[in-house]
Amino acid sequence: RKVLRMADGSARSDSTKYWATEPLPALIAAAIQERVKRYRESLAQSGRGQRMLRAWRTFYGFGPGGDGDTANVRASGEQGEWVDVTTNDFATLVTQTVVLTTANRPGFKAVATNADYKSMSQASFAQGLLDYYDRQYSLGDRDYETILTGMLLSEGWEIYGWNAMAGEQLDGFVEGGDTFEGDIDVISATPFDVAYDTDV
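Residues numbered from 1 in each chain as written. Predicted model: local features only at pLDDT ≥ 70, side-chain atom pairs only at ≥ 80, totals over all residues. Heavy atoms only, no water.

**Structural notes on the packing of aromatic side chains**
The full count for this structure, using the stated rule, is six aromatic pairs. Where Tyr39 meets Tyr196, the ring centres are 5.0 Å apart and the plane angle is 45°; that geometry is what we call tilted. Of the two residues, Tyr39 is situated in helix α1 (residues 25-46) and Tyr196 in the segment after β8 (183-189); the sequence distance between them amounts to 157 residues. By relative accessible area, Tyr39 is classed as buried at 1%. Using a relative accessible area of 29% as the deciding quantity, one classes Tyr196 as partly exposed. Both rings, one in Phe59 and one in Tyr60, keep their centres 5.0 Å apart while their planes meet at 90°; by these two values the pair is edge-to-face. When its relative accessible area of 49% is taken as the criterion, Tyr60 is described as partly exposed. (Phe/Tyr/Trp six-rings, centres within 6.5 Å; stacked < 30°, edge-to-face > 60°. Helix = DSSP H or I, 4+ residues; strand = E, 2+ residues; numbered from the N terminus. Buried < 20%, exposed > 50% of the residue type's maximum accessible area, 1.4 Å probe, protein only.)

**Concerning the nonpolar core**
Judged by nonpolar contacts, Tyr39, Leu43, Met52, Phe59, Ala91, Val94, Val98, Leu148, Leu152 and Leu153 together constitute the single largest core of 10 residues. Elements with a contribution of two residues or more to this core: α1, α2 (48-59), α3 (89-102) and α5 (139-153). Excluding anything up to four places from it in sequence, Phe59 contacts Asn88, Phe90, Ala91, Val94, Thr95, Leu148 and Leu152. (Core = buried A, V, L, I, M, F, W, Y, C linked by side-chain atoms within 4.5 Å. Contact = heavy atoms within 4.5 Å.)

**A word on the pattern of salt bridges**
Applying the stated criterion across every chain, the model contains seven salt bridges. Here Glu34 and Arg38 are joined by a salt bridge, their closest N and O atoms 3.2 Å apart. A residue pair is termed a helical-turn pair when its members lie 3 or 4 positions apart in one helix, as Glu34 and Arg38 do in helix α1 at four residues. Owing to a relative accessible area of 21%, Glu34 belongs among the partly exposed residues under this scheme. Look at Arg38 and you get partly exposed, because its relative accessible area is 31%. A salt bridge links Glu155 to Arg48, with the shortest nitrogen-to-oxygen separation between them at 2.7 Å. In this pair, Glu155 sits in the loop between α5 and β5 (157-163) while Arg48 sits in helix α2, placing the two residues 107 residues apart along the sequence. (Salt bridge = Lys/Arg side-chain N within 4 Å of Asp/Glu carboxyl O.)

**Some remarks on unusual backbone geometry**
Residues other than glycine seldom take positive phi values, yet Ser138 does so here, at roughly 45°. With respect to the element layout, Ser138 can be found in the loop between α4 (117-136) and α5. Even without being glycine, Ser154 reaches a positive phi, approximately 75°. With respect to the helices and strands, Ser154 occurs in the loop between α5 and β5.

Listed below in structure tokens is the structure:
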């Protein structure tokens, strides 16, 4: 394995090796930072980052040229007889599109492939799990946020991870440390929270 030492003393991994297989924390952290930087540079060079920020600001009430603010009500005219208000038609259009897109959510249903008691009870248990996690983590709200982000920023991310510190604490499971049951963790992320190789 080759480790490249930079002039500033930082370490870089060998580009011929898959970056996520690095065993050393310093090398994998350097590889992650390098990819985040490369992703942000690609957003800036392609102009996508600027378009994303402009759409985001416009949706939340600022004019695309910085010349309007929907939260600002001003008086004008010779004696203040006019009220200047900036309307946000862009947000209305985007919201209506997202509502139309999410109006009919896909319904997941566990179906038993066999008619025996064991298969039917397993399907019933699986359906109970689906319903529980849908309610517990408000998956419909995460879907809505992800689609709204995708409409505004051209991509949105819904990330299902595992949180090892969630759930009930298990007493006496491991000596010298706290152990938890763990549970899934669901977040909706913007392209500014996620980085990927744009050239792969």
